[in-house]
Amino acid sequence: MSSRAALGFLQQRWLPSANLPRGRIRRSPRLPRGSGLRTISSISSPGFADKDPTKFHHASRSNIMEKPLPKHKTTGAFQQLPMVMPSLDILSSAQRKSRNVSPTNVQNIAKRESKRGAKQLDALMKELAVPLRKYTESFPDKRYLHPYERSLIELTFGEGNYEKVLGSVDALRKKVVHVGKQHASLCAQSTSKREAEERLSEGLRKLEEAFQRGRTAIDDLLNVAKTLRAMPVVDPLTPTLCLVGAPNVGKSSLVRILSTGKPEVCNYPFTTRGILMGHIILNYERFQVTDTPGLLTRHDDDRNNIERLTLAVLSYLPTAVLYVHDLSGECGTSPDDQFITYKEIREKFKDHLWLDVVSKCDLLQESPDGTSADDEVSRYKKFGPRGSIRVSITSELGINELKARVHDLLLSQMVRITDDETKVEMSDDKEAV
Ligand SMILES: Nc1nc2c(ncn2[C@@H]2O[C@H](COP(=O)(O)OP(=O)(O)OP(=O)(O)O)[C@@H](O)[C@H]2O)c(=O)[nH]1
Ligand SMILES: [Mg+2]
């Protein structure tokens, strides 16, 4: 590897919700050791889809609507999420702690027992409800997130499901508080020791039942937190190279060449089903790289969530694009179809810094020097877009040029980011005056 490319790769990927079986949230199994990749959990919704998320919003964040939404400059919210305890651990810990309530020194036995019972029920209710309140308050409101992280939540869990999980946890908290208060009050009104004991055990049973009925919401939230925390940390202020192209054109193979990371490479479409974030260090400067799932030739509205992840990276992160074209006929998408998608993506993201690469050139017959193609499509089919460079992983042709061009591209991206930041700071200063 050249001295320009002492490359490192943080290998993380996550899978969006599209095309995944609907069911409860689950963790994906880890890939075998040595694959260098972490699979991130997939999630689907019916376990919590029936709850009303608005109740949570109105209850816990009633003042949000009046506040102007802040500017979403930073990412990293997922690394700030609280640790969520498994529901059964919360229950057993709450039950243990509530048993330790100190007895009151009231002389009358009936009064003493009814007070002690009410105190125990109150303690159990609080031990169950307090962590739930902490969770619902600590998980970020999606609207306050950087748009990239917001789209990750939507594409990973499905539209609205994140809020539904939080809403269910909050509904459980309210239920526990309601049942706890009701039974503590009943117990406090007992007229004999026996009645107090009966009301205490009835209250404990009802509280446990209420918690057990809704506790899956907590375990869903735990999996949401795990999934989000495992997502790659992306710094929007670090130049990012984003590899884009049709499925199976050789994007991941190029990521392997451009970094020390080892994303999966297979000869079938959609080998890469999530975003892989990594970094490249060139001449002591650090850059980010994302390998993305392939884009099929179809309208944006018809794209699945896996493809939409690619568009989210391009839309919300300041990326330079490395667009990969396979004109060899090997990848499964014809050059004609690749051309259609390419034109659309190029037009859509025309402001991005861009580098076109024709991959697998060891399989190509045509010489890149020819100029005989008559129209744009024929020219594309023979040589790729104007200005593209030809590379081959197999013969290593063009690889050094590719590394040099990638470095230049990322340096230009760095200048853009710095300029944009300066503009933002100036406008912030103006607003402050
Ligand atoms: N002959 C030849 N094959 C290549 C070259 N580059 C990649 N391939 C092969 O092309 C196939 C697809 O490569 P990947 O790197 O997985 O392609 P991808 O674009 O990441 O694919 P998806 O993740 O499915 O979108 C693999 O079998 C690679 O070995 C090349 O330069 N020459
Ligand atoms: Mg791939």
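The name an unreviewed UniProt entry assigns to the protein chain is Nucleolar GTP-binding protein 1, from the organism Canna indica.

**Here's the deal with the site of ligand 1**
Lining the immediate surroundings of ligand 1 are 23 residues, of which Ser-252, Ser-253, Asn-267, Thr-272 and Gly-294 lie closest. When its residues are assigned to classes, the shell around ligand 1 shows 9 nonpolar, 11 polar and 3 charged.

**Quick word on the environment of Leu-309**
When you line up the elements, Leu-309 lands in helix H10 (residues 305-316). In this structure, the C-alpha to C-alpha distance between Leu-309 and Thr-292, residues 17 residues apart in sequence, is 7.6 Å.

**Notes on helix H13 (residues 399-432)**
For H13, which comprises 34 residues, the first-to-last C-alpha distance of 49 Å matches the rise-based estimate of 50 Å (1.5 Å per residue) to within 8%. At its buried positions, H13 is contacted by strand E2 (240-245), helix H9 (251-258), strand E3 (275-282), strand E4 (285-291) and strand E5 (319-325).

**Points about the pairing of E3**
Where burial is concerned, most of E3 is hidden: 7 out of the 8 residues are buried. Relative to E4, E3 runs antiparallel, the two being bridged by 7 bridges. Each bridged residue has a counterpart across the sheet, and for Ile-281 the counterpart in E4 is Arg-286. The turn linking E3 back onto E4 is made up of 2 residues, and Asn-283 within it adopts a positive phi angle of 45°.

Criteria and cut-off values
Residues numbered from 1 in each chain as written. Chains lettered and ligands numbered in written order. Predicted model: local features only at pLDDT ≥ 70, side-chain atom pairs only at ≥ 80, totals over all residues. Near = placed C-beta within 6 Å. Nonpolar A, V, L, I, M, F, W, Y, C, P; charged D, E, K, R; others polar. Helix = DSSP H or I, 4+ residues; strand = E, 2+ residues; numbered from the N terminus. Expected span 1.5 Å × (residues − 1). Contact = placed C-beta atoms within 7 Å. Buried ≥ 20, exposed ≤ 12 C-beta atoms within 10 Å, placed from the backbone. Pairing = 2+ DSSP bridges.

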